[in-house]
Amino acid sequence: MNDTIRISGVMDESIVDGKGMRYAIFTQGCPHACPGCHNPDTHDFGGGKEVTIQRLLEEILENPMLKGVTFSGGEPFCQPAPLAKLAQELRVASPKLDVTVFTGYTWEELQEKQDPDVDALLAQTDVLIDGRFVQEKKDLTLLFRGSTNQRVIDVPKTLATGNIVLLGAAEGY
């Protein structure tokens, strides 16, 4: 398994990439190229830099104030295996940290992939914010989303029930 992740960068104390103070990792490379994308510099698969899972893990664990870690992009599901490994190691090292993943794919598209690496990353994910950004559906009042078509999914409950379970205002989304 690959022990590096190609990233555009990190935000070591973000409050806009999920609930609570988070360590946000912006992966490099995205096939979606959504018009109006918030992170267009992350689209080029050859851009960014390679970092080791171990280095990211050490940086995350240095901050006891973090509530969780966010994988954003770019498109995290273009690198599911190393991200799943990082999330799994985080759960062992600091079980209090939750994992949020932003993806341009919908839940249904991820399921259609039938990819064990995608499944492994989903299994380590607490909250999935899915769907491409659609400029015509942009809504600045939404928490942690850019457009109204994007959903906030409770992944453990969705996996357990086989039906998509959405999170909303009652849960802080």
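About the criteria used
- Residues numbered from 1 in each chain as written.
- Predicted model: local features only at pLDDT ≥ 70, side-chain atom pairs only at ≥ 80, totals over all residues.
- Heavy atoms only, no water.
- Axes fitted to C-alpha atoms, helices over the stretch in contact; angles between N-to-C directions.
- Helix = DSSP H or I, 4+ residues; strand = E, 2+ residues; numbered from the N terminus.
- Parallel < 35°, antiparallel > 145°, perpendicular 65-115°, else oblique.
- Left-handed = near helix turned anticlockwise from the far one by under 90°.
- Contact = heavy atoms within 4.5 Å.
- Nonpolar A, V, L, I, M, F, W, Y, C, P; charged D, E, K, R; others polar.
- Buried < 20%, exposed > 50% of the residue type's maximum accessible area, 1.4 Å probe, protein only.
- Polar contact = N/O pair within 3.5 Å; in protein donor to acceptor, adjacent residues only side chain to side chain.
- Core = buried A, V, L, I, M, F, W, Y, C linked by side-chain atoms within 4.5 Å.
- Pairing = 2+ DSSP bridges.
- Arc of directions from axis to C-beta.

In contact at an axis separation of 10 Å, helix α1 (residues 53-61) and helix α2 (residues 80-93) are set at 40 degrees when each is read in the N-to-C sense. Taken together, α1 and α2 sit at an angle that is classed as oblique. Relative to α2, α1 is oriented so that their crossing is right-handed. Taking contact as the criterion, the partners of Ile53, Gln54, Leu56, Leu57, Ile60 and Leu61 in α1 are, on α2, Pro82, Lys85, Leu86, Glu89, Leu90 and Ala93. Taken together, the residues of the contact of α1 with α2 break down into nine nonpolar, one polar and two charged.

Another aspect to go through is the side chain of Thr103. Position of Thr103 relative to the elements: it lies in the loop between β5 (98-102) and α3 (107-113). Among the residues examined, Thr103 registers a relative accessible area of 5% and is labelled buried. Of note is the side chain of Thr103, whose polar atom sits 3.0 Å from the backbone nitrogen of Tyr105. In contact with Thr103, not counting residues within four places along its chain, are Glu75, Phe77, Leu110, Leu128, Ile129, Asp130 and Gly131.

Residue Gly74 is reached from Gly73 by a cis peptide bond, and omega for that bond is 10 degrees. Position of Gly74 relative to the elements: it lies in the loop between β4 (68-72) and α2. Not every positive phi belongs to a glycine, and Ala33 is a case in point at roughly 50 degrees. Looking at the element boundaries, Ala33 is found in the loop between β2 (22-27) and β3 (49-52). Ala33 sits in the partly exposed class, given a relative accessible area of 47%.

Let us look at the side chain of Asp98. With respect to the helices and strands, the residue Asp98 is situated in strand β5. Side-chain polar atoms of Asp98 contact the side chain of Arg22, separated by 2.6 Å. Those residues in contact with Asp98, other than ones at most four positions away along the chain, are Arg22, Lys67, Gly68, Val69 and Asp126.

Within the largest apolar cluster, 30 residues are counted, with the highest numbers of intra-cluster contacts made by Ile25, Ile60, Val69, Phe71, Phe77, Leu86 and Leu128. Of all the elements in the fold, those that place two or more residues in this core are β1 (4-14), β2, α1, β4, α2, β5, α3 and α4 (116-123). Top contributing element to this core by residue count: α2, with five residues. Not counting residues up to four positions away in its chain, the partners in contact with Phe71 are Ile25, Pro76, Leu83, Leu86, Ala87, Val99, Thr100, Val101, Phe102 and Leu121. Counting seven residues, the second largest nonpolar core, distinct from the first, contains Val127, Phe144, Val152 and Tyr173.

Moving on to the environment of Glu108. Considering the arrangement of structural elements, one finds Glu108 in helix α3. According to the relative accessible area criterion, Glu108 is partly exposed, its value standing at 35%. Counting along the chain gives 56 residues from Glu108 to Ile164, while the straight-line C-alpha distance between them is 9.5 Å. Leaving out residues up to four positions away in the same chain, Glu108 has contacts with Arg151 and Ile164.

Bridge count for β1 against β3 is four bridges, and the pairing is antiparallel. From the neighbouring strand, Ile5 faces β3, where its bridge partner is Val51. Note: β1 against β2, five bridges, orientation antiparallel. Among the inter-strand pairings, Ile7 is bridged to a residue of β2, identified as Thr27.

For α1, the complete set of buried residues consists of Ile53, Leu56, Leu57 and Ile60. On an axial view of α1, the arc spanned by its buried residues comes to 100 degrees, and they lie on one face. Check the buried side of α1 and you find it contacts β1, β2, β3, β4 and α2.

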